[in-house]
Amino acid sequence: MERKGHTAVVGCQWGDEGKGKIVHLLAGERNTDGTNKYNYVVRFNGGNNAGHTVVTEGETYKFHLLPSGVLHPDIVNVLAHGVVIDPEVLVGEIKELNERGKFTDNLIISNIAHLIMPYQKIRDGREGGKIGTTGRGIGPCYEDKYGRRGIRIEDIVSSSGKIRKDHFAGKVREVIGWYEEHGFIDAKGEASLKADEIVEQYIDFVGHFKDCVTDTGRLLYEADKRRKRILFEGAQGIMLDTDKGTYPHVTSSHPTVGGIGIGTGIVPELGTVIGVVKAYTTRVGEGPFPTEQDNEIGNYMRDKGGEYGTTTGRPRRCGWLDLELVEIAKRVNGLTEIAMTKLDVLSGLPEREMNICVRYDSDENPIYLPMDGWREDITEVEHFTQLPNSARRYIGTIEGLTQLQIPIISVGPGSKQQIVREFDYEYE
Ligand code: IMP
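Conventions we followed
- Residues numbered from 1 in each chain as written.
- Predicted model: local features only at pLDDT ≥ 70, side-chain atom pairs only at ≥ 80, totals over all residues.
- Heavy atoms only, no water.
- Helix = DSSP H or I, 4+ residues; strand = E, 2+ residues; numbered from the N terminus.
- Rg over C-alpha atoms; globule rule 2.2 N^0.38 Å.
- Buried < 20%, exposed > 50% of the residue type's maximum accessible area, 1.4 Å probe, protein only.
- Contact = heavy atoms within 4.5 Å.
- Areas by Shrake-Rupley, 256 points an atom, 1.4 Å probe, with all protein chains shown as cover.
- Near = heavy atom within 4 Å.
- Polar contact = N/O pair within 3.5 Å; in protein donor to acceptor, adjacent residues only side chain to side chain.
- Nonpolar A, V, L, I, M, F, W, Y, C, P; charged D, E, K, R; others polar.
- Pairing = 2+ DSSP bridges.

## Thoughts on the overall build of the protein chain
Then, in step 1: Summing up its helical and strand segments, the protein chain has eleven helices and 19 strands in all.
Then, in step 2: Relative to its length of 428 residues, the protein chain is compact, with a C-alpha radius of gyration of 22 Å against a globular reference of 22 Å.
Then, in step 3: When its C-alpha atoms are laid out on the principal axes, the protein chain stretches across 70 × 50 × 35 Å.
Then, in step 4: For the protein chain, with 428 residues in total, the buried portion stands at 55%.
Then, in step 5: The contacts in the protein chain between residues at least 6 apart in sequence include a share of 74% that link residues at least 24 apart.
Then, in step 6: Total accessible area on the protein chain is roughly 18200 Å²; 47% of this is exposed by carbon and sulfur atoms.

## Here we look at unusual backbone geometry
Then, in step 1: Residue P248 follows Y247 across a cis peptide bond; omega there is 5°.
Then, in step 2: Secondary-structure assignment places P248 in the loop between β10 (230-237) and α8 (258-264).
Then, in step 3: Of note in the backbone geometry, Q236 takes a positive phi value of approximately 60° without being a glycine.
Then, in step 4: The topology assignment puts Q236 in strand β10.

## Focus on the environment of V78
Then, in step 1: With respect to the element layout, V78 can be found in strand β5 (residues 76-79).
Then, in step 2: The spatial distance from the C-alpha of V78 to the C-alpha of K330 is 26 Å, given a sequence separation of 252 residues.
Then, in step 3: The contact partners of V78, leaving out residues within four places of it in the chain, are Y40, V41, V42, R43, P67, I108, T216 and L220.

## Looking at the environment of P288
Then, in step 1: Residue position: P288 is located in the loop between β12 (281-283) and α9 (296-305).
Then, in step 2: Judged by relative accessible area, which is 42%, P288 ranks as partly exposed.
Then, in step 3: For the pair P288 and H249, spaced 39 residues apart in sequence, the C-alpha to C-alpha distance is 8.2 Å.
Then, in step 4: With sequence-adjacent residues up to four places away left out, P288 is seen in contact with W14, T246, H249, R283 and R317.

## A few points about the site of the ligand
Then, in step 1: In the neighbourhood of the ligand, 15 residues make up the surrounding shell, with D16, N49, T134, T251 and R314 lying closest.
Then, in step 2: Within the side chain of T134, an N or O atom sits 2.6 Å from an oxygen atom of the ligand.
Then, in step 3: In the environment of the ligand, an oxygen atom lies 3.0 Å from a nitrogen or oxygen atom belonging to the side chain of R314.
Then, in step 4: Its residues assigned to classes, the shell around the ligand comprises six nonpolar, seven polar and two charged.

## As for the pairing of strand β11 (residues 270-278)
Then, in step 1: Counting buried positions over the nine residues of β11 gives seven, a clear majority of the element.
Then, in step 2: Relative to β11, strand β1 (residues 6-11) runs parallel, the two sharing six bridges. Within β11, the position partnered with V9 by the bridge is I274.
Then, in step 3: Relative to strand β15 (residues 337-341), β11 runs parallel, the two sharing five bridges. Bridging from a neighbouring strand, I274 pairs with E337 of β15.

Any link to function would need more than the numbers given here.
Written as structure tokens, this is what we have:
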């Protein structure tokens, strides 16, 4: 299927839809002359609350911060300023990849991205339990950003590459003072919060990647003008969007197409917006989940789908596919197509007992369309026509109800385990 212009890949549920696999797949696409279809892969929101898994050539990679195009050496991978960066995690991911023989000199990082600081992690650990955050300091980091007391990479390293130790130390002391004053931390009891140690540690971390730091907004603007193609990689999903999600059980950034402009500094003309939809629904943390199956069906999905958080290891709540969410995602993001993931997980569910939520009633209860299940293992299926009839009907029903085509259907974690369709089929 020929896609034109820049492409966005966004999650249509509560995250964990399998966006990393789709981004890795698209980033590997080639033009007929052998050149890359995409030149840049850009993360624009969230931080290491995300967990993107890529399985390729028998190896599994779990990225929390690095863009999922990083395994393609000829693509520039960008952490734009909408991303909040825990530098220790970033250095760890870079080191791990290097140790596994992969290069990361295809990475660039925004000079104005905010850094997640130790006191923010402590605060998140204390307060985040109410909504079940990942505890990585994400919320407090964005809160400090909007409270105008955040610390950005350029507070540690100047545009000429000079380390700004005094400036940085002054800011750290000031913010720790503010945290103490407001009772968010108790500096005397919190041995890990010695400002001088934080300063030394963070200068060391940033030293590892300071050559990658630049004005990514300008760079992307110029790339766009030169007609380079950009793939934007959303983290989390629409239902965790601060505004459009299930507030207040949301994250602190915008995993929607709207987040791209805010998080990158350019307003790209998107040719394609791919909504990634898992064949069923999952959620980690607290908050509403109308189609949740807190029973043996949910347990089946969790066990078969390995539904445990990539970041925290927490068991995910599981339930039926909810097209009400997809409808919101379509409207808010201007989706042009769906990529469906984990269809294989539904194999073996009791026949005649599958459901798709088509909409909610006036009390917000799901209205289900019953669907036939299928028994066959589909993890080796390469063509749509090889799928069991019920699986084809499942896909066809979703296409009919959403009025969106599903050109990519993932049937397993491996980078080759997907059906890529050309739309020359008929439903049965
Ligand atoms: P935070 O992003 O750590 O502040 O967590 C806020 C909510 O978003 C919690 O319910 C988390 O479980 C959820 N969340 C954050 N990132 C992800 C993700 O990448 N996948 C799924 N849930 C996430």
